[in-house]
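Chain residues, written in single-letter form:
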Amino acid sequence: MENKKGRKMYTQADREKALKYYLLGLNLFEVSKLTEVPERTLQKWQSKESWVKLKDSEKLRKKAVDLKNFGLSNKKISEILLISSTTVWRYCKQNK
């Protein structure tokens with residue numbers, strides 16, 4: 001689909017698919033090749049929607065769950081990762 005200026009319009013599904021690939025660890029060049037969305041468009045989405053922060057929170061969530069599976073308490077995990085123990089509890093609960 002194109003707009004009045006002849007530019008390609010992308011759906012929410014296109015954005016979600018690109019974000020999913022990004023959160024899996026691919027860089028924007030790789031995401032561009034898989035989704036056929038120009039790299040510059042992906043850069044704009046990344047900036048506007050704070051993809052970097054989302055990626056960082058996913059890493060933090062994984063670390064918290066890994067430490068919990070290792071046997072550490074929520075309080076100890078929160079001290080290690082510098083987040084609240086409530087956040088650790090939420091991350092671990094969501095992972096089940």
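Counting restarts for each chain, with residues numbered from 1 along the sequence as it is written. Confidence filtering applies because this is a predicted model: local features only for residues at pLDDT of at least 70, side-chain atom pairs given and counted only at 80 or more, and all residues used for totals across whole chains, interfaces and linings. Just so you know, side-chain values use all the structure's heavy atoms and leave hydrogens and water out.

**Regarding the packing of helix 1 (residues 12-23) against helix 2 (residues 28-35)**
For any two helices packed against each other, one specifies the crossing angle of their axes together with the interaxial distance. Axis definition: a line fit to C-alpha positions, over the contact stretch in the case of helices; interaxial angles, taken between N-to-C directions, run 0 to 180 degrees. The way it works is that DSSP assigns letters per residue, a run of H or I at least four long becomes a helix, a run of E at least two long becomes a strand, and they are numbered from the N terminus. Taken N-terminus to C-terminus, the directions of helix 1 and helix 2 make an angle of 140 degrees; their axes are 9 Å apart at the nearest point. Here helix 2 runs oblique to helix 1, going by the angle between their axes. For the pair helix 1 and helix 2, the sense of crossing is right-handed. Residue-level contacts link Lys17, Ala18, Tyr21 and Tyr22 of helix 1 to Leu28, Val31, Leu34 and Thr35 of helix 2. The residue classification treats Ala, Val, Leu, Ile, Met, Phe, Trp, Tyr, Cys and Pro as nonpolar and Asp, Glu, Lys and Arg as charged. All others, Gly included, are polar. The class makeup of the residues in the contact of helix 1 with helix 2 is 6 nonpolar, 1 polar and 1 charged. In what follows, roughly perpendicular refers to angles from 65 to 115 degrees, roughly parallel to angles under 35, roughly antiparallel to angles over 145, and oblique to any angle outside these ranges. Crossing handedness is defined as follows: a turn of the near helix away from the far one that is anticlockwise and smaller than a right angle gives a left-handed crossing, while the clockwise case is right-handed. By the convention used here, residues are in contact when the closest approach between their heavy atoms is within 4.5 Å.

**What to know about the domain arrangement of the protein**
For the protein, the assigned domains are domain 1 (10-49) and domain 2 (52-95). On a C-alpha basis, the centres of domain 1 and domain 2 stand 26 Å from each other. With 7 residues of domain 1 at the interface, the matching set in domain 2 holds 4 residues. Two parts placed together each lose some accessible area under a 1.4 Å probe, and the buried area is that loss summed for both. Taking both sides of the interface into account, the surface hidden between domain 1 and domain 2 amounts to around 440 Å²; carbon and sulfur atoms contribute 67%. When the area that domain 1 buries against domain 2 is broken down by residue, the three leading residues are Tyr22, Leu23 and Gln46, summing to 73%. What counts as a salt bridge is simple: a side-chain nitrogen of Lys or Arg found within 4 Å of a carboxyl oxygen of Asp or Glu. Between domain 1 and domain 2 we count 0 salt bridges in total. A 3.5 Å cut-off defines polar contacts: any pair of N or O atoms within that distance qualifies, except that in protein one atom must be a possible hydrogen donor and the other a possible acceptor, and neighbouring residues in sequence count only when both atoms are side-chain atoms. Seen at the junction of domain 1 and domain 2, the total is 0 residue pairs in polar contact (both at pLDDT 80 or more). Looking at the side of domain 1 that touches domain 2 element by element, the count peaks at 3 residues for helix 1. All domain edges in this entry derive from an automatic or database-based domain assignment.

**A look at the pattern of salt bridges**
Under the counting rule described, the total for this entry stands at 4 salt bridges. Glu49 is the salt-bridge partner of Arg15, the closest N and O atoms lying 2.4 Å from each other. Of this pair, Arg15 sits in helix 1 while Glu49 sits in the loop between helix 3 (39-48) and helix 4 (51-70), and the two are 34 residues apart along the sequence. Its relative accessible area of 30% is what places Glu49 among the partly exposed residues. In this structure, the salt-bridge partner of Lys62 is Asp66, at a minimum N-O distance of 3.1 Å. One end of the pair is Lys62 and the other is Asp66, both in helix 4 and 4 residues apart, which spans about a single turn. Lys62 gets classed as exposed once you look at its relative accessible area, which sits at 52%. Here's how the labels work: a residue is buried when its accessible area is under 20% of the maximum for its type, exposed when over 50%, partly exposed in between, all with a 1.4 Å probe on protein chains only.

**With respect to a positive patch on the surface**
A patch consists of residues exposed above 30% relative accessible area that lack any salt bridge, with like charges linked at up to 9 Å and nonpolar side chains (Val, Leu, Ile, Met, Phe, Trp, Tyr) linked at up to 5 Å. Residue exposure ignores everything except the shown protein chains as possible cover, and the areas themselves are Shrake-Rupley values with a 1.4 Å probe. Charged residues are defined here as Lys and Arg on the positive side and Asp and Glu on the negative side; His and the ends of the chain fall outside this count. The atom standing in for a charge is NZ when the residue is Lys, CZ when it is Arg, CG when it is Asp and CD when it is Glu. Side chains of Lys5, Arg7, Arg40 and Lys44 sit close together on the surface and give a patch of like positive charge. Here Lys5 shows up in the segment before helix 1. Accessibility expressed as a relative area gives 67% for Lys5, which makes it exposed.

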